Amino acid sequence: MQEAEPGQPVEISLVPLDQADNAEFVTRIADLVNKAYADAEKGLWRDGTRRTSADEVAAVIRAGQLAVARLDGRLVGTVRVQRLHSGEAEFGMLVASPQHRGLGIGRALVTFAEAWARDRGLDRMQLELLVPRAWTDPVKDFLRHWYTRIGYREVRVGQLDEAYPAHVPYLATPCDFVIFHKTL
Ligand SMILES: CC(C)(COP(=O)(O)OP(=O)(O)OC[C@H]1O[C@@H](n2cnc3c(N)ncnc32)[C@H](O)[C@@H]1OP(=O)(O)O)[C@@H](O)C(=O)NCCC(=O)NCCS
């Protein structure tokens with residue numbers, strides 16, 4: 001793995017709410033997320049299915065839930081942070097630009113999300129990992145191991161058709177999602 005270049009620290013910050021009206025910025029984020037997930041979740045969704053849309057990204061920014069990573073001023077990653085009704089924090093939409101993988105951007109985004117939660121008095125972080133039911137996906141396997149390495153534990157397996165029924169028609173293969181928790 002490459003080390004992040006000294007002098008080029010990854011800068012992570014919450015996106016100001018008014019950026020929800022910056023169509024060019026919103027579209028850039030949606031494109032980054034969609035490209036990363038199209039690659040990471042190949043074979044899980046029907047062709048042409050998108051992970052997100054500009055409207056969804058704008059809504060997440062407006063809710064104060066989107067953080068972005070910048071390297072040398074360039075947009076290189078995203079993470080969504082939120083407080084769930086159940087009282088946990090959750091992060092999602094975790095993406096590092098495909099051109100900047102292995103530099104610690106993903107790790108820095110998770111660290112940011114965990115600090116965001118602690119600052120709000122939340123003591124547990126949740127994440128959901130979509131996995132195919134019938135086969136082992138190497139990308140998901142890597143994520144499963146990485147999340148475990150950084151302190152996350154599987155707490156249960158959720159059924160997509162119960163939790164996200166609207167997504168089911170877009171699946172190319174049956175999937176579940178594994179819920180992970182970490183005590184902060
Ligand atoms: C998941 C993702 C954000 C990680 O981004 P990244 O910036 O490359 O991650 P990092 O450089 O911080 O590395 C993360 C971990 O993987 C390890 N790693 C990175 N590249 C590696 C490689 N080529 N070989 C082995 N390990 C590697 C790092 O050592 C690090 O582990 P550590 O925290 O124990 O040190 C990125 O792969 C991505 O955008 N994937 C597509 C979207 C996705 O699947 N998101 C998660 C949905 S749940």
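Residues numbered from 1 in each chain as written. Predicted model: local features only at pLDDT ≥ 70, side-chain atom pairs only at ≥ 80, totals over all residues. Heavy atoms only, no water.

1. Observations concerning the UniProt feature "domain: N-acetyltransferase" (unreviewed entry) in the chain
Threshold: UniProt positions are given in the numbering used here, feature names are shortened, and annotations may be inferred rather than shown by experiment. Put simply, DSSP H or I for four residues or longer makes a helix, DSSP E for two residues or longer makes a strand, and each gets a number counted from the N terminus.
Summarizing the sequence annotation, UniProt attributes the feature "domain: N-acetyltransferase" (unreviewed entry) to residues 12-175 in the numbering used throughout. Here residues 12-175 runs as 35% helix and 27% strand, with 32 Å between its end C-alpha atoms.

2. Thoughts on the site of the ligand
For clarity, the cut-off: Working definition: residue near molecule or strand if any one of its non-hydrogen atoms lies within 4 Å of it. Pairing of N or O atoms within 3.5 Å defines a polar contact, subject to two protein rules: one partner must be a possible hydrogen donor and the other a possible acceptor, and residues neighboring in sequence count only if both atoms are side-chain atoms. What sets the accessible areas is the Shrake-Rupley method with a 1.4 Å probe; for residues, cover comes only from the shown protein chains. Cavities and pockets were defined on a 1 Å grid built over protein atoms only: a cavity is a set of grid points that admits a 1.4 Å probe from which the probe cannot escape, a pocket is an open set flanked by protein on both sides within 12 Å along at least five of seven lines, and lining residues are those with an atom within 4 Å of any such point. In this scheme, a molecule is assigned to a cavity or pocket if more than half of its atoms are within 2 Å of the grid points.
Around the ligand there are 22 residues in total, and Leu94, Gly104, Gly106, Arg107 and Trp146 lie nearest to it. Here an oxygen atom of the ligand and a side-chain polar atom of Arg101 are 3.2 Å apart. Contact between the ligand and Gly104: an oxygen atom at 2.8 Å from a main-chain N or O atom of the residue. In isolation the ligand has 950 Å² of accessible area, and contact with the protein removes 75% of it. If you map the ligand onto the pockets, it falls in the largest pocket.

3. Topic: the side chain of His181
Operational definition: Buried residues are those whose accessible area, probed at 1.4 Å on protein chains only, stays under 20% of the maximum for their type, while exposed residues exceed 50% and partly exposed ones sit between those limits. Should any heavy atoms of two residues lie within 4.5 Å, those residues are considered in contact.
Structurally, the position occupied by His181 is in strand 7 (residues 175-183). By relative accessible area, His181 is classed as buried at 14%. One polar contact links His181 to Gln126, side chain to side chain, over a distance of 2.8 Å. Ignoring any residue separated from it by four or fewer positions in sequence, one finds His181 in contact with Glu88, Arg124, Met125, Gln126, Gly151, Tyr152, Arg153 and Val155.

4. Here's the deal with the layout of surface pockets
To find leftover empty space, a probe the size of one water molecule is rolled over the atoms. What counts is decided by this rule: Grid points are joined across faces, edges and corners, and a volume is the space filled by probe spheres set on the points. Each residue gets one of three labels, nonpolar for Ala, Val, Leu, Ile, Met, Phe, Trp, Tyr, Cys and Pro, charged for Asp, Glu, Lys and Arg, and polar for the others, Gly among them.
There is about 1,400 Å³ of room inside the largest pocket. Lining the largest pocket we find 45 residues, and of these Tyr37, Met93, Leu94, Leu143 and Tyr147 sit closest to its centre. Split by residue class, the lining of the largest pocket holds 25 nonpolar, 8 polar and 12 charged.

5. Let's talk about the pattern of salt bridges
We count it as follows: By salt bridge we mean one thing: a side-chain nitrogen of Lys or Arg within 4 Å of a carboxyl oxygen of Asp or Glu.
Throughout the structure, instances matching the rule amount to 7 salt bridges. A salt bridge links Arg62 to Asp21, with the shortest nitrogen-to-oxygen separation between them at 3.3 Å. With Arg62 in helix 2 (residues 54-62) and Asp21 in the loop between strand 1 (10-14) and helix 1 (23-40), this residue pair connects regions lying 41 residues apart in the sequence. Judged by its relative accessible area of 63%, Asp21 is exposed.

6. Notes on the packing of helix 1 against helix 2
As a reminder of what qualifies: Simply put, an axis is a line fit to the C-alpha atoms, just over the touching stretch for a helix, and the angle between two N-to-C directions goes from 0 to 180 degrees. Angle categories are assigned with fixed cut-offs, so that under 35 degrees is roughly parallel, over 145 is roughly antiparallel, 65 to 115 is roughly perpendicular, and the rest are oblique.
Viewed as axis vectors pointing N to C, helix 1 and helix 2 meet at an angle of 110 degrees, and their least axial separation amounts to 9 Å. Viewed along their axes, helix 1 and helix 2 adopt a mutual orientation that is roughly perpendicular. Within the contact between the two elements, helix 1 uses Phe25, Val26, Ile29 and Ala30 and helix 2 uses Ala54, Val57, Ala58 and Ile61. Counted by class, the contact of helix 1 with helix 2 contains 8 nonpolar, no polar and no charged residues.

7. A short note on the nonpolar core
Just so we agree on the cut-off: For the purposes of this section, nonpolar cores are sets of buried Ala, Val, Leu, Ile, Met, Phe, Trp, Tyr and Cys residues that join through side-chain atoms within 4.5 Å.
If you look at the biggest cluster of nonpolar residues, it comprises 31 residues, and the most contacted ones within it are Phe91, Leu94, Tyr147 and Tyr152. Broken down by secondary-structure element, the contributors of at least two residues to this core are strand 2 (66-71), strand 3 (74-83), strand 4 (89-96), helix 3 (105-119), strand 5 (124-132), helix 4 (138-149) and strand 7. No other element matches the 7 residues that helix 3 contributes to this core. Not counting residues within four places of it along the chain, the set of residues in contact with Tyr152 comprises Phe91, Val110, Glu114, Met125, Leu127, Tyr147, Phe180, His181 and Lys182. Ranked by size, the runner-up nonpolar core spans 19 residues in total, among them Phe25, Val26, Ile29 and Leu75.

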